[in-house]
Amino acid sequence: MTVYPQIRTSADLLKSTIRLEELIPFLHQQKAKSCAIVNTKLYGLLPFWFEMKRAGIHPVIGLTVQLEWTEEQSLPIILYAKTNEGYQNLLKISSSIAIRTEQTIPLRWLLAYGKGIAFMIPALDLQGRWLQQTAEKTMLEIKNAYSNELYVGISRGSNEAPYERQAVEFAVNNGLPIVATHESLFLKEEDFFSFEVAQAIETGVKLNEAAKSNKEESYVLTAEQWQEKFHDEPQWLVQMENLLMSCQVQLTTDDVYMPKYPLSEGDTAESILQQQVVAGLQRRLNMETLPNLYLERINYELDVIQSMGYSDYFLIVADFMRFAREENILTGPGRGSSASSLVAYALEITQVDSLQYDLLFERFLNPERITLPDIDIDFLDTRRHEVIQYVAKKYGKQYVAQIITFGTLSAKAVARDVARMFNFESETLEMISKLIPNKPGITLQEAYTKSENLRSWIAAEPIRHKWFQTSLRLEGLPRNASTHAAGVVLSPVPLVDVVPIEEGHDGIYLTQWPMLEVEQTGLLKIDFLGLRNLTILEQIRKSIQFTHDIRLDFNQIPLNDGKTFELLQHGDTAGIFQLESEGMRNALREIKPTHFLDIVAVNALYRPGPMEFIPLYARRKHKKEQVMMPHRDLKPILEETHGVIIYQEQIMRIANVMAGFSFGQADLLRRAVSKKKRDVLEQQRASFVQGALAKGYTEQVAEEVYALIVRFADYGFPKSHAVAYSIISYHMAYLKANYPVNFYAALLTNATGNSDKLAQILMEAKARGIEILPPSINRSMRHFKVEGGKIRFSFSAIKGVPQPFLQKLLTAREERQKPFESIFDLAVTMTTANFTRKIIEPLIKAGALDEFGKDRATLLATIEGAQKQADFVRPGGDDLFEGALLAFGKPKYNETSPIPEKIKLQYEKEVLGFYLSDHPIVKVRKHFPEVTATVQTLSQLKDNTYVKMIGQVQEIRQLRTKRGELMAFVQLEDEYGAVSLTLFPKEYEKVVGKLQEDTLLYIEGFFEHRFNKSQIKIKDIIIK
C-alpha cells in the first residue's frame, strides 16, 4: 500500500494545480492507503478530508509552514495533526501565520502550539538549508520539546540528491527517524508546463521573464515510482506510512456553536427575550393588552425558539438592528422566510406583521425539522460596514469574522491570464475576449465547440494551440481570495478553536474557509446584505427632508395611496425595485393593482413557470373569468389570489386543512414534493390521501388536490419574502408618484458612470415635465440635486473631471461664501495646480461655466489666459497683487466666434455621453407630421406594426449576404434612445455610400422585438 505525505491541492491558490476530482481516482489506481494535504494555509481542508473519507483513503491534515530563522531567511517545515488537539493547534498555527505580514511563524509560537503535532523537516529543500550548522539550534529546540514527533524527510528526484548523504548523517547524529517524502504540486509529468503558467499568473511574472523552475519533478508519484525511488531504503517508506497512519484526527459536523448574548447576572436569554418581545409588540400595536391571537402566536414562536436554543440569536440580531435604527442606518423590511416570524416583527428585526399577511412561522423555523435559524438582513449598502464593526466591537475581535470567498479562473479570465503569461500582444488579448462569448458560466470547451472563429484562430499557429490547452488545464482553479459580500460568523468561543482565520479588512478577521465549510463546522452565519435600493430610498428621503422639510418614516407610509396605484397600473415603474423590467411592467398593466397584495402576487408570479398564470390572475381579478376553487373548503386560502396557488404557504395551509397535517409536516411535504423524487411523491401522496380520508374527504378529491399541490410546488414562492420585498417596491413607487423630482435626482445619481442609463432616466424625467438644469460651477454638487422643483445636473456625471478636483472646488466654494464671477476668478481661487486645460475643458464643454456670460468657444480660448492670471495673483478673494494689476490691467476674455450649435451638441455628447441641450431631432421633428413612432413608444407596439420614424445615424455596420450582396445594420437615435435598423440589399442600395454617422434619416418599416431588443426592417429610407 502506498501513502502520499506531501500533496498540495489547487485550493492553495495557484501554488498547485492538483484537483481533488482528478487526484482521488489516481490514488485509487495506486491503491493508496493514506494521503496528507499540506497547503500553505488550511484552504480546502474540509473538502479534502470528507472526499478522502468517502473514497476510503485515510486523510491526514497537514500544513506547510515557514519557520522564522534569520531576518531574510526561513526554514520550511511540514506539520501533521496526530490528534484532535493537534488539529486544534494547526488551526491556531495557520491563523497565527496568516495574520502576520511576514507569513512566517516564530519558533516560540510553534513550540507553544506543538502538542499533538508531528514535525517533518524537509531536509533537502532550499539547497539543504536545514543542514547548515546555524540551523542546528532550531532543530534541537524542537527535538527537546517534542522528541518523539520530529522526523527528517528525504525526497529523491531522477538524479542523485546532492544533500542526501548529509541529511542521513544529520538524522543519525541527532537520533531522528527518516521518512520518505515527495512534494506534489501537479498531477502528472505533462502538467508541469501548466503548473509553471499558474505560478506565473500568481506572481505576475511572464514566462519568458521567470527564473527556471526546479519543480519539474513535483508530480504525484505512482506506487511503482515510490518503490523505484526508495528501493534501497524501504524502511523509509514504512516509517512514513506509520507516521501518516498514526495521525488519527476525527472531524464531525454535529457541533453547533450558538453565540451568547451578554446578560446581567441573574438574567436568562429566555426571560429577556420574552420581555423584549411583549414590550415590542405592545409598542408595535400601540396597545397595552395584546389580542389573544397575537399572544398565542408569540407564545408558540417563543416555545419553539427556546426549545431549539435560539433565544441568544434573536437577542443578538435585535441588538444590532437597534444599533442600526439609533444610527439612522436604513434596514430592509425583511428578507426570506424570517419575515414570517411575529417575534422578529416584535423585535423590529422585520417590518412585516406575519398575522396580517397570514405567514406561517414553520416556513422559517420548523420544530419537526431542526435547522439553524437564518435571518438575512438588508442594510443601506454604504453603511453596512458600520453594523459589522459594531458587532465585532461588542462581541470581541476573536469571536467575529467575515467569510472568505474564492475567485476562480473562469473561461474568459483564464484565457486572458494565460495569454498575458505567453506575452501575447494587447490586440490579441482583445481578440481572445471577443472570441469567447459573454455568457455566464460558459466553459472554454463550450466556446471552442460553438465558435468556428475561435477554432480557426487556434488552428492557425502552434503557440495558440498550446495556449488553449494550457488554459483548459487551468480553467476553474481558485485564483484569489476575497471577502464574501454578506456572510459574518459569530462564535461563543474564540474562532481559532473552530476555524482558521486570516487578516481581513477594517480590523475584522476573515475565515480561511468559505461559506459551506464554515457552516459545516456548526458556526452560526448571519448575512449582512448591502441593498443598493435602500441607499436610493435613503437618498430620496434626505432630499425630501431638504426640499420639503419632511422626515419620512417609511414604516408609516400608507399602503393604499391612490397616486401610487395609478402609477403601478400604468406600469410606470422604471427605477422601481423588482418592478422595472418591461415584462414586469406589462404584467402590472395587465393586473392593474388596486391593493398591496396585488404587488405581492405579481412579485411572486413574475418568474419562469408561474408567469403563465399572470393572465389568469388578471382575468379573475377583473371578473372576466369565474374563479374556480379546487374545493369550497380551500376558498379562505385561495380567495386572496383568485383561486391561483401562488405561495408555498398556501400549499402548507391546504395540507393542514384537507389532510390534517401540522404546519411542520406541511413544510416537510412542500420541501419533499418540490424535489420531485418518485418514491417521496408516492409516500407523501399516500399520507395526504390517508389524512384527507380521515377528515371526511373523498379519495377522488384528495387525489385531485394532491395533484394540484405537486403541480404548484415548483412554482410556489415564499409569501414572506414576496411581502417583505414588495414593501420596498411599494415605497419606491410611492416616492416616484408623490415626490418625482426627488426620486429622479436620486436615480440619476446612482446611474452616474453609465451614460446610456443616465440618458434614459433624463428622458423619462423630461417626459414627466421635470426640468433638468445644466451643470453650474456655482450650484452643482457631486450628485444630482433638487433645486427649486428642478434637477441640477451633477459634476460627477461630467467625464474627465476628477474627484480630487471636485473636492477642492466644493471646499473653495464653501470657504468663499460667494459665487465665482469669471473664469479668472475661478482660476485664481483654484490655482494653476488644479486649473488645467485637461480638467476645465470638459466643464466648459458641458456648459458648467455658461453663467459667466460668455460663449463656450470664448471660454475655451481663454483657459491659458486664466492660467497666466492665476500665476500672478494671490488666491483669497479680491486681494490682488498691485504689481500684477498695474502690469496687466483687468484680465480680458479671448473673444472668438460663437461655437456652432452642432459642435456645441457634439461637445456635450463627448463629455456627458448624450445631448443635455435639446437633441438635434427635437428641433426638426415638427417638420415631419407623418411620423408615427419614437424609440420611447416602440416598446408599446406589437410585432409587425408598420412605423414611420426620424432619427440620426449613430453607427453603421455593413456586411455581405451569402449571395455577395451588400446589406447593413444601422443604429438610429432620436431624443428618446436608439433602435437597430435592418437594411436588406434592395433598401441599402438606395443609400449606400451616402449614409454616414450623424446623417438625418426618415425611415419606414416593420417593427419587431427580437432577443430583447427592438429592431425595424426597413421598407423605405430617405436621407434628409
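Residues numbered from 1 in each chain as written. Predicted model: local features only at pLDDT ≥ 70, side-chain atom pairs only at ≥ 80, totals over all residues. Heavy atoms only, no water.

Describing the overall build of the chain
Check the secondary structure of the chain and you find 44 helices and 21 strands. Evaluated residue by residue, the chain yields a buried proportion of 54% over its 1024 residues. Partitioning the intrachain contacts of the chain with sequence separation of at least 6 by distance along the chain shows that 71% fall at a separation of at least 24. Accessible area of the chain: about 46,400 Å², with a carbon and sulfur share of 49%. Side chains of the chain give 119 positive and 127 negative charges; the mean places of these two sets differ by 5 Å. (Helix = DSSP H or I, 4+ residues; strand = E, 2+ residues; numbered from the N terminus. Buried < 20%, exposed > 50% of the residue type's maximum accessible area, 1.4 Å probe, protein only. Contact = heavy atoms within 4.5 Å. Areas by Shrake-Rupley, 256 points an atom, 1.4 Å probe, with all protein chains shown as cover. Lys, Arg positive; Asp, Glu negative; His and termini not counted. Charge placed at Lys NZ, Arg CZ, Asp CG, Glu CD.)

Details of the sheet that holds strand 4 (residues 74-81)
Pairing is mixed across the open sheet formed by seven strands, whose spatial order is 1-2-3-4-5-6-7. Edge strands, defined here as strands with exactly one partner in the open sheet, are strand 1 (2-7) and strand 7 (178-180). When strand polarity is set aside, the average angle formed by the axes of neighbouring strands in this sheet is 30°. Relative to strand 3 (residues 58-68), strand 2 (residues 32-37) runs parallel, the two sharing four bridges. Bridge pairing in strand 3 places C35 opposite P59. Packed on one face of the sheet, helix 2 (residues 45-55) meets strand 2 and strand 3 and runs near 150° to strand 3. (Pairing = 2+ DSSP bridges. Axes fitted to C-alpha atoms, helices over the stretch in contact; angles between N-to-C directions.)

Notes on helix 34 (residues 755-767)
Spanning 13 residues, helix 34 covers 18 Å between terminal C-alpha atoms, matching the ideal 18 Å at 1.5 Å per step. For helix 34, the complete set of buried residues consists of S755, L758, A759, I761, L762, M763, E764 and A765. Turning to helix 34, the residues buried within the fold contact helix 32 (719-738), helix 33 (740-751), strand 14 (772-773), helix 41 (901-912) and strand 19 (977-983). Positioned one or two residues after helix 34, G769 has a phi angle of 85°, which is positive. (Expected span 1.5 Å × (residues − 1).)

Here we look at helix 11 (residues 269-285)
An α-helical turn contains 3.6 residues, so any two residues separated by three or four positions project in the same direction. With 17 residues, helix 11 should reach 24 Å at 1.5 Å per residue; the first-to-last C-alpha distance of 24 Å fits that figure. Among all positions in helix 11, only A269, I272, L273, V277, G280, L281 and L285 are buried. Those residues of helix 11 hidden inside the fold are in contact with helix 12 (292-308), helix 13 (311-326) and helix 14 (342-346). At the exit of helix 11 stands N286, carrying a positive phi of roughly 55°.

What to know about the sheet that holds strand 20 (residues 1000-1010)
Strands sit in the order 17-18-19-21-20 around a closed barrel of five strands; the barrel is mixed. Strand after strand, the sheet turns through a mean of 50° between neighbouring axes, direction not considered.

So, the packing of aromatic side chains
The final tally for this structure, using the stated rule, is 36 aromatic pairs. For the ring pair F320 and F379, a centre distance of 6.4 Å and an interplane angle of 50° mean the geometry is tilted. Here F379 lies in strand 8 (residues 376-380) and F320 lies in helix 13, a separation of 59 residues in the sequence. Overall, F379 belongs to the buried group, its relative accessible area being 0%. Put simply, the rings of Y300, Y313, F314, F361 and F364 pair up and form one aromatic cluster. (Phe/Tyr/Trp six-rings, centres within 6.5 Å; stacked < 30°, edge-to-face > 60°.)

Quick notes on the environment of Q683
Within the secondary structure layout, Q683 lies in helix 30 (residues 678-694). With 14 residues separating them in the primary sequence, Q683 and L669 have C-alpha atoms 10.0 Å apart.

Brief notes about the pattern of salt bridges
Scanning the model with the defined rule gives 67 salt bridges in all. E771 is the salt-bridge partner of K790, the closest N and O atoms lying 3.5 Å from each other. Placement of the pair is K790 in strand 16 (residues 790-792) and E771 in the loop between helix 34 and strand 14, with a sequence separation of 19 residues. Residue class for K790 comes out partly exposed when judged on its relative accessible area of 30%. Looking at E771, the relative accessible area reads 42%, which means it is partly exposed. The network of salt bridges with shared partners includes R837, E841, K845, E864 and E910. (Salt bridge = Lys/Arg side-chain N within 4 Å of Asp/Glu carboxyl O.)

Things to note about unusual backbone geometry
Peptide bonds are mostly trans, and most non-glycine residues show a negative phi. You will see that K31, though not glycine, has its phi angle at about 55°, which is positive. Among the residues examined, K31 registers a relative accessible area of 59% and is labelled exposed. The phi torsion at N944 lies on the positive side, around 75°, for a residue other than glycine. When you line up the elements, N944 lands in the loop between helix 43 (935-938) and strand 17 (945-960).

Description of the nonpolar core
Among the nonpolar cores identified, the biggest contains 191 residues, and F314, F320, I823 and L849 are the most heavily contacted of them. It is helix 32 that contributes the most residues to this core, twelve residues altogether. Setting aside its immediate chain neighbours within four residues, F314 contacts L273, I305, S341, V343, L347, I349, F364, L365 and I375. In terms of nonpolar packing, the next biggest core, distinct from the first, is built from 86 residues, Y87, A171, L187 and L495 among them. (Core = buried A, V, L, I, M, F, W, Y, C linked by side-chain atoms within 4.5 Å.)

Remarks on the side chain of Q351
Its location among the elements puts Q351 in the loop between helix 14 and strand 8. Of note is the side chain of Q351, whose polar atom sits 2.8 Å from the side chain of R284. Within the structure, Q351 has its side chain in polar contact with the side chain of N555 (distance 3.3 Å). With residues up to four places along the chain from it excluded, the contact list for Q351 reads R284, P333, Y345, N555 and I727. (Polar contact = N/O pair within 3.5 Å; in protein donor to acceptor, adjacent residues only side chain to side chain.)

Things to note about the pairing of strand 5 (residues 117-122)
Of all the six residues making up strand 5, six are buried; the element is thus mostly covered by neighbouring parts of the structure. In strand 5, alternate side chains face the same way, and those of I117, F119 and I121 on one face and A118, M120 and P122 on the other are all buried. Direction of pairing for strand 4 relative to strand 5: antiparallel, over a ladder of four bridges. By the bridge assignment for strand 5, A81 is matched with I117. By the bridge criterion, four bridges tie strand 5 to strand 6 (residues 150-154) in an arrangement that is parallel. Looking across to strand 6, one finds that M120 is bridged to Y151.

Digging into the state of the cysteines
What makes a disulfide is a covalent bond joining the sulfur atoms belonging to two cysteines. In this structure the tally under the stated criterion is zero disulfides. As a non-bridged cysteine, C35 has C247 as the owner of its nearest cysteine sulfur, 12 Å distant. The exposure class assigned to C35 is buried, which follows from its relative accessible area of 0%. (Disulfide = S-S within 2.5 Å.)

Describing the packing of helix 29 (residues 663-674) against helix 31 (residues 699-713)
Remark: helix 29 packs on helix 31, axes separated minimally by 8 Å, with the N-to-C direction vectors making an angle of 65°. Here helix 29 lies roughly perpendicular to helix 31, going by the angle between them. In this structure, helix 29 meets helix 31 at a crossing whose hand is right-handed. Across the interface between the two elements, L669, V673 and S674 of helix 29 pack against Y706, I709, V710 and A713 of helix 31. Of the residues assigned to the contact of helix 29 with helix 31, the class counts are six nonpolar, one polar and no charged. (Parallel < 35°, antiparallel > 145°, perpendicular 65-115°, else oblique. Left-handed = near helix turned anticlockwise from the far one by under 90°. Nonpolar A, V, L, I, M, F, W, Y, C, P; charged D, E, K, R; others polar.)

A few points about the pairing of strand 9 (residues 400-408)
In the sheet, strand 9 pairs with strand 10 (residues 478-490) via eight bridges, with the strands oriented antiparallel. Paired with Q402 across the two strands is V488, which belongs to strand 10. Across two bridges, the pairing between strand 9 and strand 12 (residues 508-511) is parallel. If you follow Q402 over to strand 12, its bridge partner there is L510.

On their own, these measurements won't tell you what the molecule is for.
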